[in-house]
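# Survey of secondary and tertiary structure
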Amino acid sequence: MISSYIVIFLLFSQLGPLHWEPVDLPGVRLGGVDRLTGKVKTNYRHADLNQDGHPDLVFQDCVLFSNNGGEAKYDRAELPATPLPRLVGVFSENVYILHPNGVLVGNYQEQNTLTFHAYQFDGGVQTSVNAFLKGVEISQVNDFLLDPDEDGDPEIVVLDESSIVFLHCNPESHAVSQKASIPLDLPPQLVATEPGTIWPDNERKIIFPTLDYSYNFFAQGTKIVLCKREKVNAGVQYRIQSFELEKAESGKMSVKTGVPQTAGPFPDFVQPCQKSSEGNLAFVGESLVWRSLSPIPVPIHEVIMYSGDATPIVRVRNTGLAPHSLMVDMNHDGRMDLITERMLLFEGDVKEIALRVATQRVLEHRVNIHLQRDDGSFDRLPDFSKDFSVNMGVPPIQDSEMFRQYQRAELIKVTGDFTGDGRCDVLVKTSESRLSLYPFEKSGFPNVPVLEQEFEPGFTFAVDDVDGDGRSDLMLCWPALSDEPGGEKTQVFVTRDSSP
Amino acid sequence: MISRIWIAFRIELKKVLKQRFIYISGAFVLLASLSTLGISAVHKDQSSDYDYVVRATSLTMNWLIPLMTIIFGALTLSAEYTSGALRFMLVRPLRRVEYLYAKILVTVFYAVTLTTLAVTAAWVVIVLKGDLAGVYYGGEVLFTNMEIVRDYALGCLTYLLPLSAAATYAVFLSTVVRNTGTAVGSAIGLWVVFDALKYPLRLEQFMFTSYTEFPWRVFVQHCQGIDSYWRPGIFYCVGSCLAAVLVFLSAASLIFRRQDIP
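Our subject in this report is the structure included herewith. Being a predicted model, the structure only gives us computed values, none of them experimental. (Residues numbered from 1 in each chain as written. Chains lettered and ligands numbered in written order. Predicted model: local features only at pLDDT ≥ 70, side-chain atom pairs only at ≥ 80, totals over all residues. Heavy atoms only, no water.)

## Some remarks on unusual backbone geometry
For the record, the criterion: Segments assigned H or I by DSSP are reported as helices when at least four residues long, segments assigned E as strands when at least two residues long, and all are numbered from the N terminus. Relative accessible area decides the class of each residue, using a 1.4 Å probe on protein chains only: under 20% of the type maximum gives buried, over 50% gives exposed, and in between gives partly exposed.
Here the residue pair L84(A) and P85(A) is connected by a cis peptide bond, since its omega of -5° sits within 30 degrees of zero. On the secondary structure map, P85(A) appears in the loop between β7 (73-78) and β8 (87-91). Residue P232(B) is reached from R231(B) by a cis peptide bond, and omega for that bond is 0°. Mapping P232(B) onto the fold places it in the loop between α8 (217-223) and α9 (233-258). In this model, Q51(A) sits at a positive phi of 50°, which is unusual for a non-glycine residue. Along the chain, the position of Q51(A) falls in the loop between β4 (45-47) and β5 (56-58). Overall, Q51(A) belongs to the exposed group, its relative accessible area being 53%. Positive phi outside glycine occurs at E150(A), with the angle close to 55°.

As structure tokens, then:
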């Protein structure tokens, strides 16, 4: 079946400056986008382990070494087996495997092999690590390595009930020891529990109130910021505690605790996020209401952003459902920009909406970009807008798979930079089988796409820089073509220049 | 020519003012507008009552007035064909096209009168019984009252275009179809057919039937706290409505001038 995709690709590919080329990377998985960071969830990390200038892919169980000068050919090397659960991470040119008995650090040897060195936990550290490993998601490669003291050697960051612990692998003693610890001074909150019955006796339960230990953790250079959400009468507020880490004598790190702050109160749906690469925090929330000023209620999506106090710095309302991503650094200036989308299907009076739902095959959709200003503010009116026509094949009333994808905001992705110019481009699934790429230029978006390519119909798609060449690539998934139960066909397409 | 059209318009207006239909349709518009008070209560409570204006405008301007205008326009000439009065009208020193233009002007005047009635009914109620304090969300003023009133005023001006197109379209059909019932039926039926086909044929931007609600879109969106823009829709609205007026006017003139009147 893969070959049929390739044939279709060859038949329909156009001679533009770019094209998408299928490559054989069966293990790669791209997940959803974090709505507040614009980052794609992946099951791999990039690291140039063999130092050939082309990034290699590190997975949970293996490494794919780039081969043939970045021509998307890879040699596979298995990672060593360890007790489970385990986390795999990369830092610089090393692979780190954190498992219940210790840490394995691997570095490159000749002929695409890795040599691993074992590090044992110092007393007391193992308990924290084991508690941490039981609570984290281990299906992906994780980011548990930081270098807050900026000495070039990573620290393993582990969270337990009372503190954030920074561990260091000592190459001389081959021991993993604690380098610093940040106490979680922000107290955990009681979580409301479901009411239970007290009668009859045999169904009576004693309900223990549970504690919410979830924190928002932000790391930027030597600064660590913790946010703890608290319920208040008017919604929620966040208690913020910042820490500055510095390298100290005897291989330890010193921790300077900042002045605690409180942000809010905000509506319930507001969450903290990093607004810029300098670590400034913003509090962003989105809500969806079905408002009815006409006989048909229409969805209205609202985004609110706060800087710290209860007065919003921007509030944007649009007709439509939730967009694909809220915060993306569209022009790569280190400041997160706000993305809003508008479903023109729901605009107008009841007659026009009903006619569109019943008869319109090509839906109009608008993407708005609100750039972040130098002072961290946003304009309510977008700086750039682009209207796209999406051919659903059949009217929305027939509830096609394409329309369901449209409702789930799966047809438009704004997080990929396909042209490699440092600006995120907009990739739109404009029909059942076609993807169209609109580059985001300084003056906005062009009227015609820079690349349009046909694929086997029925796909969903995700975007990330898989081959690490600085340009985003595609992963297509065909759930309907699955032969084996629960399976799905996936194919990675890398972005290449068309000119020879 | 213009003076003859003006005289014919005044005579036709006097004739129209004697018809019960226009008073009944005026009452319908008032009733429809006030009936929306049942859905959107209007109170002096420091919060804006634009919801009432939005609902009253949607009901009257998007539905009732275009429908009444089409019925009125479709009846203008077809009724005179049926009764045989047209032959006697044209005995006067008046060209056929001048008489046609006077009929179209009367239809447009009728539509504008209904619109004025609907606007008055919508705004007088909230000026007397409600509040006009701008659009607020979370204590933040998104649109001031002046902006909302300006949106509505611009909407009223723009609304004249689709209304004129609808009037010309209906009078054109009344020159083609001589039976009153058939003229009204075909005017409404063709409107529905145009509307039903415009999206599948991707002609929605070029059909004047798409623009009866467009003039109010910015006002309605602003009342819901949503930013909305006149451009580029206004260009399509002006273009398609003027094109429709020209096409139907030319076709009606051509047909009416050469028609054998029994």
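## Focus on the packing of aromatic side chains
This is how the line gets drawn: We call Phe, Tyr and Trp rings a pair once their centres come within 6.5 Å, taking the six-membered ring for Trp, and we label the pair stacked below 30 degrees between planes, edge-to-face above 60, and tilted otherwise. Only lysine NZ and arginine CZ atoms are considered, and such an atom sits over a ring when it is within 6 Å of the ring centre and within 35 degrees of the ring normal.
Summed over all chains, the structure comprises 35 aromatic pairs over all chains. Ring geometry for W123(B) against Y152(B): centres 5.1 Å apart, planes inclined by 75°, an arrangement best described as edge-to-face. A residue pair is termed long-range when its members are at least 10 positions apart, and W123(B) in helix α5 (residues 96-129) and Y152(B) in helix α6 (residues 145-176) qualify at 29 residues. Here the two residues W123(B) and Y152(B) agree in accessibility, since each one is buried. Among the aromatic residues, those joined into a cluster by ring pairs are W20(A), F418(A), F455(A), F459(A), F461(A), W478(A) and F493(A). For the cation-ring pair, K228(A) lies above Y215(A), with the distance from its terminal atom to the ring centre recorded as 4.8 Å. For the cation-ring pair, R423(A) lies above F440(A), with the distance from its terminal atom to the ring centre recorded as 4.6 Å.

## Structural notes on the environment of P215(B)
Residue and element names in this part refer to chain B. Stated formally: What makes two residues a contact is simply this: any of their non-hydrogen atoms within 4.5 Å.
Looking at where P215 falls in the secondary structure, it is placed in the loop between α7 (180-198) and α8. Note on P215: relative accessible area 0%, which makes it buried. For the pair P215 and I234, spaced 19 residues apart in sequence, the C-alpha to C-alpha distance is 8.2 Å. Sequence-distant contacts of P215, that is, excluding residues within four places in its chain, are made with G155, T158, Y159, P162 and W230.

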